[in-house]
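Spelled out from the first residue to the last, the chains are:
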Amino acid sequence: NETFFIENETTKVDDATKKLVQVAHDCLEEAIASCKPGMMYRDLGNVIHRAVNKHGFDIVRNYCGHGTGRHFHCTPDIPHYKNNKAIGVMKPGHVFTIEPMINAGLWYDKLWPDNWTVVTQDGKKSAQFEHTLLITESGVEVLTKRTKGSYIDRFI
């Protein structure tokens, strides 16, 4: 899952939007780089917060990463904001997602009546990237790794 730009001859993506998308991408990469056996899941929120907050953006709090297994959305819950109360420690064999939603405005979101579409409550832009990870004996493997030259490599 990644954010795409949509533009044409008359509509171009502005620099502020490009920055938002870049920060959303980079905070995910920083979170992934910190994953290893023994790390507490709650600490991912602190890593993401540090990467996002310095740019003046905010992190949606009502949605989180999650474990995957026999049930798609299962424990552990992976909140993407600081000072969360998530429980659990990463261990080899754990598979989960990190998928922070980064907002240009405030963190509040609104669910549309279709019970699927989520938008920012203040109407400002949001960006998201997601990966599924496997904790290994020595660190982390990105199971949904992009190939070189993917969208983000070409446009940011």
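Preceding this section is the structure that the text describes.
Residues numbered from 1 in each chain as written. Predicted model: local features only at pLDDT ≥ 70, side-chain atom pairs only at ≥ 80, totals over all residues. Heavy atoms only, no water.

Notes on the pattern of salt bridges
The line we're drawing: Any carboxyl oxygen of Asp or Glu within 4 Å of a side-chain nitrogen of Lys or Arg constitutes a salt bridge here. Numbering goes from the N terminus for both helices and strands, where a helix is a DSSP run of H or I of at least four residues and a strand is a run of E of at least two. The buried label applies to any residue whose accessible area, calculated with a 1.4 Å probe on protein chains only, is under 20% of its type's maximum; exposed applies above 50%, and partly exposed to all values in between.
This structure, assessed with the given rule, holds two salt bridges. Note that Lys-125 and Asp-14 form a salt bridge whose closest N and O atoms lie 3.3 Å from each other. Within this pair, whereas Lys-125 is found in the loop between β7 (118-120) and β8 (126-128), its partner Asp-14 is found in the segment before α1 (15-34), the two being separated by 111 residues in sequence. Given a relative accessible area of 44%, Lys-125 falls into the partly exposed group. For Asp-14, a relative accessible area of 35% corresponds to the partly exposed category. Between Arg-61 and Asp-58 there is a salt bridge, with the nearest N and O atoms lying 3.9 Å from each other.

Some words on the packing of α1 against helix α2 (residues 43-53)
How we decide: Each axis is a line fitted through C-alpha atoms, taken for helices only over the stretch in contact, and angles between the N-to-C directions span 0 to 180 degrees. Two helices that cross are described as forming a left-handed crossing if the nearer one is turned anticlockwise from the farther one by less than a right angle, and a right-handed crossing if clockwise. Note on contacts: a residue pair is in contact if any heavy atoms of the two residues lie within 4.5 Å. Residues are grouped as follows: nonpolar covers Ala, Val, Leu, Ile, Met, Phe, Trp, Tyr, Cys and Pro; charged covers Asp, Glu, Lys and Arg; every other residue, Gly included, is treated as polar.
Running from N to C, α1 and α2 point in directions that differ by 145°, and their axes come no closer than 9 Å. α1 and α2 meet at a crossing whose hand is right-handed. For the pair α1 and α2, the contacting residues are Val-23, Cys-27, Glu-30, Ala-31 and Ser-34 in the first and Leu-44, Val-47, Ile-48, Ala-51 and Val-52 in the second. Grouping the amino acids of the contact of α1 with α2 by side-chain chemistry returns eight nonpolar, one polar and one charged.

Comments concerning the nonpolar core
Note that soluble globular proteins tend to have their nonpolar side chains buried in a common cluster. To keep things clear, this is the line we draw: Definition used in this section: a nonpolar core is a set of buried Ala, Val, Leu, Ile, Met, Phe, Trp, Tyr and Cys residues joined via side-chain atoms within 4.5 Å.
Cys-35, Leu-44, Val-52, Met-90, Phe-96, Ile-98 and Ile-102 are the most contacted members of the largest nonpolar core, which totals 29 residues. For this core, the elements supplying multiple residues, two or more each, are α1, α2, β4 (95-98) and β9 (131-135). The dominant element in this core, judged by the number of residues it contributes, is α1, at eight residues.

A look at the environment of Tyr-108
Along the chain, Tyr-108 falls in the loop between β5 (101-103) and β6 (109-111). Taking the C-alpha atoms as reference points, Tyr-108 and Glu-7, separated by 101 residues in sequence, lie 27 Å from one another. Discounting chain neighbours no more than four positions away, the residues touching Tyr-108 are Asn-103, Thr-120 and Gln-121.

Section: the environment of Phe-129
Considering the arrangement of structural elements, one finds Phe-129 in the loop between β8 and β9. Among the residues examined, Phe-129 registers a relative accessible area of 0% and is labelled buried. On a C-alpha basis, the gap between Phe-129 and Arg-61 in space is 15 Å, while along the polypeptide they are 68 residues apart.

Nothing here speaks to function; it is all geometry.
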